[in-house]
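Structural overview for review
Residue-level listing of the chains:
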Amino acid sequence: MAGTGAPDRAERRGAGQLESEVLAALWATERPLTPAEIQHRIGGGLAYNTVHTILKRLYDKGLVLRDADGRRGAYRPARNAAELTAQAMHEALDRGPDPIAALRHFVTGLSPEEETALRTLLAGEGM
């Protein structure tokens, strides 16, 4: 219904996108952040309760840790972005019936820079 003032569904962020934004805010700093600090960094009129709910979901998934040392309710990431991405890649390979075929398809889609980095890593250099 036009003119009701309800937010456009196309503008709403999904839970996965919000989780990614919260993790990005945590990765962008060296210290734990409170829900209010995360709310401020993300912006976009996100309610405090929404940020707190997303943090609880991330905590339940083991993706963030609650810092009980001095700052009440501050959170920090359990893993850095590269570790989390690598974990997701391993889980995706484990789900498929043919992980070698999946790797073959993955490698064919790498950029020249990514391919060079992969070759270097597989050769045992740069580790």
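So, how was this worked out
Residues numbered from 1 in each chain as written. Predicted model: local features only at pLDDT ≥ 70, side-chain atom pairs only at ≥ 80, totals over all residues. Heavy atoms only, no water. Salt bridge = Lys/Arg side-chain N within 4 Å of Asp/Glu carboxyl O. Helix = DSSP H or I, 4+ residues; strand = E, 2+ residues; numbered from the N terminus. Core = buried A, V, L, I, M, F, W, Y, C linked by side-chain atoms within 4.5 Å. Buried < 20%, exposed > 50% of the residue type's maximum accessible area, 1.4 Å probe, protein only. Contact = heavy atoms within 4.5 Å. Patch = residues over 30% accessible without salt bridge, like charges linked within 9 Å, V, L, I, M, F, W, Y side chains within 5 Å. Areas by Shrake-Rupley, 256 points an atom, 1.4 Å probe, with all protein chains shown as cover. pLDDT = per-residue confidence, 0-100. Axes fitted to C-alpha atoms, helices over the stretch in contact; angles between N-to-C directions. Parallel < 35°, antiparallel > 145°, perpendicular 65-115°, else oblique. Left-handed = near helix turned anticlockwise from the far one by under 90°.

A few points about the pattern of salt bridges
Counted by the stated rule, this structure contains four salt bridges. Two residues, E37 and R31, come together in a salt bridge whose shortest N-O distance is 3.1 Å. In this structure, the salt-bridge partner of R119 is E115, at a minimum N-O distance of 2.9 Å. With R119 and E115 both in helix α6 (residues 112-122), this residue pair falls four residues apart, about one helical turn.

Looking at the nonpolar core
Core analysis: the largest hydrophobic core is formed by 17 residues, its most contacted members being V22, L26, I38, L55, L58 and V64. Where this core is concerned, the elements lending two or more residues are α1 (15-27), α2 (35-42) and α3 (48-60). In terms of residue count, the dominant contributor to this core is α1 (five residues). Non-local contacts of L26, meaning those with residues more than four positions away in its chain, are made with L33, I38, L55, V64, Y75, R76 and P77.

Some words on a nonpolar patch on the surface
A cluster of nonpolar side chains, namely M89, I100, L103, F106 and V107, defines an oily patch on the protein surface of about 420 Å² accessible area. With four residues, helix α5 (residues 99-108) is the largest single contributor of residues to the nonpolar patch. Tracing the sequence through the fold places M89 in helix α4 (residues 81-95). Among the residues examined, M89 registers a relative accessible area of 38% and is labelled partly exposed.

A word on the confidence of the model for the protein
Summary statistics for the protein give a mean pLDDT of 86 and a share of 85% for residues scoring 70 or more. Residue range residues 1-10 is modelled with pLDDT below 50. Its contacts to residues more than four positions away, or to other chains, number zero contacts.

Brief notes about the packing of α2 against α3
Contact geometry for α2 and α3: axes closest at 9 Å, N-to-C directions at 110°. The angle between α2 and α3 falls in the class roughly perpendicular. At the point where α2 passes α3, the crossing takes the right-handed sense. Residues P35, A36, I38 and Q39 of α2 form the contact with α3, whose own contacting residues are Y48, V51, H52 and L55.

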